[in-house]
Amino acid sequence: MAGSGREEEEAWASGLPPEGSASGSARIALYPGSFDPVTLGHLDIIERATRIFDRVVVAVLQSATKTSLFTAAERMSLLEASTQDMSQVAVTSFDGLTVDCARNVGASTIVRGLRAVSDFEGEFQMALMNRRLAPEIHTVFLMTSLANVFVSSSMVRDVCRHGGDISGLAPAPSILALQKKLRP
Ligand code: COA
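Read on for an overview of the structure.

Conventions adopted
Residues numbered from 1 in each chain as written. Predicted model: local features only at pLDDT ≥ 70, side-chain atom pairs only at ≥ 80, totals over all residues. Pairing = 2+ DSSP bridges. Helix = DSSP H or I, 4+ residues; strand = E, 2+ residues; numbered from the N terminus. Axes fitted to C-alpha atoms, helices over the stretch in contact; angles between N-to-C directions. Contact = placed C-beta atoms within 7 Å. Buried ≥ 20, exposed ≤ 12 C-beta atoms within 10 Å, placed from the backbone. Arc of directions from axis to C-beta.

1. Observations concerning the pairing of strand S5 (residues 138-143)
Reasoning step 1: Sheet analysis places strand S4 (residues 109-114) next to S5, joined by 6 bridges and oriented parallel. Its bridge partner lying in S5, Arg112 is registered against Phe141.

2. So, the sheet that holds strand S2 (residues 55-61)
Reasoning step 1: Read from one edge to the other, the open sheet built from 5 strands follows the order S3-S2-S1-S4-S5, with strand pairing classed as parallel. The open sheet is flanked by strand S3 (89-94) and S5, the only strands paired with a single partner. The average angle at which neighbouring strand axes cross in this sheet is 30°, direction not considered.
Reasoning step 2: As judged from the 6 bridges shared by S2 and S3, these two strands associate in the parallel manner. What sits directly across from Val60, in S3, is Ser93.
Reasoning step 3: Here helix H2 (residues 40-52) sits on the sheet in contact with strand S1 (28-33), S2, S3, S4 and S5, set at roughly 170° to S1.
Reasoning step 4: Packed onto the sheet, helix H4 (residues 98-105) meets S1, S2, S3 and S4 and runs at close to 145° relative to S1.

3. Brief notes about H4
Reasoning step 1: Inspection of H4 places Thr98, Val99, Cys101, Ala102 and Val105 among the buried residues, and these make up the whole buried set. Within H4, the buried residues cover an arc of 160° as seen down the axis, which keeps them to one side.
Reasoning step 2: Of the surrounding secondary structure, the elements contacted by the buried residues of H4 are S1, S2, S3, S4 and helix H5 (117-133).
Reasoning step 3: Once H4 finishes, Gly106 follows within two positions and takes phi at roughly 80°, a positive value.

By themselves, these figures tell us nothing about what the structure is for.
This is the structure we're talking about:
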């Protein structure tokens, strides 16, 4: 891992860049989203990102416009539990602009997942807006695996709510939390 001084390691643990430097020499990527809850599709993107970047900060949008089933703290803890074996991954939360969050954690890249062509238009618009707001930050799109092309958090919630089998769609912590919340 590049740039592994103690100060930088501590800054990394806190999700913040070391004082007085943008990001050291580590390539840091921000993966923002609502993660309500994290699915295997999200984990697929996170895993792919760890192969490209030194560090991946997964950022949970606190006050999403959509009403969320899980609180931001719950969504963060499900992400933490699901990524505990990935040492390059840290989880944080943010409100406001994604580019500001990227700057705060020292990320020069925003990662987004693409599942189908239908994702592209909205993602393209977001990427261009983010570029206008922060030209120094790039957006990189990673293609999800075929097995996860149809997976979304709302679909997993819906299937669980109606008693369907969600194994193979979400990690164990998400499945347990969904069952607790939706099928008490
Ligand atoms: N696998 C499975 N599902 C995936 C996925 C993947 N790889 N990638 C996305 N999804 C699903 C999510 O589960 C979610 O499903 P749902 O709608 O059924 O819950 C849906 O796709 C949208 O996902 P998400 O990645 O959470 O995007 P979002 O649209 O909720 O949030 C932000 C995107 C956070 C990046 C965007 O809203 C944002 O930047 N907000 C901050 C404000 C800002 O900066 N605005 C200016 C830039 S536009």
